[in-house]
Amino acid sequence: MPEIRTIMDEDILSLKGATEACFILGKGVTSFASMTRVGVSTLSKYASNSDEFRESLIPVDIAVEADRRAGSPIIIKEAARQLGYQLVPLQDALRSGTRISERDAHVILSEAMDVSRALITAFEDGKIDALERKQLRKELRELIRAAEDILHRMDDE
C-alpha cells in the first residue's frame, strides 16, 4: 500500500509563492537560468500555480541557488516553517560590526513607502490583479528583509 503524502495543497502553494518571490527578488528567471542546471521554462513551472504544474516543485539545489541570488533564504525558510522550524542566521562578520543607525530608519521608511505605493496603485481600480499581487509580494518581502536585518544586528549588539 502506497504511503500518503503529508504535504498539502496549501503547502505546495506556499512553496510556489516563496519560489516566485525569490525569483522576483533575484532579478527574474531569465538571468537566473544561466546559473542553474535547468532552463527558464522549467524554472517558471516551479513558481506556477496552474494545475498542470502543481507537482513541479523546485529541487533543493536550485532552491539554495535561488535563495543565494535573492540574498535571503526565502524558499528554504518556507520549507523550514512547514516542518515546524525557524531559521536563525549564523554570526555574520559583516553584520556584527554594523551598528544600527539613523540610516536604518530611512531604509525601513523607504521600503514601507514602496509597500504603501504598491497598495494604493493596486486599489485604484477596486481590485488586486495577479500582477499587482506579484508587485505587492515583492515590496512586502523587501520590507520584511530590511526589518529582519535590523533585528539581527540588534541581537548582535
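Residues numbered from 1 in each chain as written. Predicted model: local features only at pLDDT ≥ 70, side-chain atom pairs only at ≥ 80, totals over all residues. Heavy atoms only, no water.

## What about the overall build of the protein?
Alright, step 1. For the protein, the helix and strand inventory stands at 8 helices and 0 strands.
Alright, step 2. Along the protein, helices (α) and strands (β) appear in the sequence α-α-α-α-α-α-α-α when read from the amino end.
Alright, step 3. In terms of its C-alpha atoms, the protein occupies a principal-axis envelope of roughly 55 × 45 × 30 Å.
Alright, step 4. Counting every position in the protein, which comprises 157 residues, the buried fraction comes to 30%.
Alright, step 5. Of the contacts made within the protein by residues no fewer than 6 positions apart, 68% connect residues no fewer than 24 positions apart.
Alright, step 6. In the form shown here, the protein has an accessible surface area of approximately 10500 Å², with 57% of it arising from carbon and sulfur atoms. (Helix = DSSP H or I, 4+ residues; strand = E, 2+ residues; numbered from the N terminus. Buried < 20%, exposed > 50% of the residue type's maximum accessible area, 1.4 Å probe, protein only. Contact = heavy atoms within 4.5 Å. Areas by Shrake-Rupley, 256 points an atom, 1.4 Å probe, with all protein chains shown as cover.)

## What about the packing of helix H1 (residues 9-25) against helix H3 (residues 40-47)?
Alright, step 1. The geometry of H1 relative to H3 is characterised by a closest axis approach of 7 Å and an angle of 130° between their N-to-C directions. Relative to H3, the element H1 lies oblique. Two secondary-structure elements touch here, H1 through Lys16, Thr19, Glu20 and Phe23 and H3 through Leu43, Lys45, Tyr46 and Ala47. (Axes fitted to C-alpha atoms, helices over the stretch in contact; angles between N-to-C directions. Parallel < 35°, antiparallel > 145°, perpendicular 65-115°, else oblique.)

## Side note on helix H7 (residues 102-123)
Alright, step 1. The terminal C-alpha atoms of H7 lie 32 Å apart, and with 22 residues this matches the ideal 32 Å at 1.5 Å per residue to within 8%.
Alright, step 2. Of all the positions in H7, only Asp104, Glu111, Val115, Ala118 and Ala122 are classed as buried. Along H7, the residues classed as buried sweep out an arc of 60° about the axis, all on the same side. Residues of H7 that are exposed and point more than 90 degrees away from the buried face comprise Glu102, Arg103, Ala105, His106, Ile120 and Phe123. (Expected span 1.5 Å × (residues − 1). Arc of directions from axis to C-beta.)

## Details of the environment of aspartate 149
Alright, step 1. Inspection of the secondary structure assignment puts aspartate 149 in helix H8 (residues 130-156).
Alright, step 2. Linking aspartate 149 and isoleucine 100, residues 49 residues apart in sequence, is a C-alpha distance of 9.7 Å.

## Observations concerning the nonpolar core
Alright, step 1. Membership of the largest hydrophobic core comes to 19 residues, with the highest contact counts inside it found for Phe23, Leu43, Ile58, Ile62 and Ile74.
Alright, step 2. Of all the secondary structure elements, the ones that give two or more residues to this core are H1, helix H2 (29-33), H3, helix H4 (60-70) and helix H5 (74-82).
Alright, step 3. Among the elements that line this core, the one with the most residues is H1, at 5 residues. (Core = buried A, V, L, I, M, F, W, Y, C linked by side-chain atoms within 4.5 Å.)

## Some details on the packing of H1 against H5
Alright, step 1. Here H1 crosses H5 at 160°, and the two axes come no closer than 8 Å. Taken together, the axes of H1 and H5 lie roughly antiparallel to each other. The handedness of the crossing between H1 and H5 comes out as right-handed. Across from Asp11, Ser14, Leu15, Ala18, Thr19, Ala21, Cys22 and Leu25 in H1, the residues of H5 making contact are Ile74, Ile75, Glu78, Ala79, Arg81 and Gln82.
Alright, step 2. Class assignment of the residues belonging to the contact of H1 with H5 gives a composition of 8 nonpolar, 3 polar and 3 charged. (Left-handed = near helix turned anticlockwise from the far one by under 90°. Nonpolar A, V, L, I, M, F, W, Y, C, P; charged D, E, K, R; others polar.)

## Some points on H1
Alright, step 1. Relative to the 24 Å expected for 17 residues at 1.5 Å per residue, H1 spans 24 Å between its end C-alpha atoms, a close match to the ideal helical length.
Alright, step 2. Burial of H1 is extensive: 12 of the 17 residues sit out of reach of the surface.
Alright, step 3. Those residues of H1 that sit buried are Asp11, Ile12, Leu15, Lys16, Gly17, Ala18, Thr19, Ala21, Cys22, Phe23, Ile24 and Leu25.
Alright, step 4. With its phi angle positive at about 75°, lysine 27 sits one or two positions after the end of H1.

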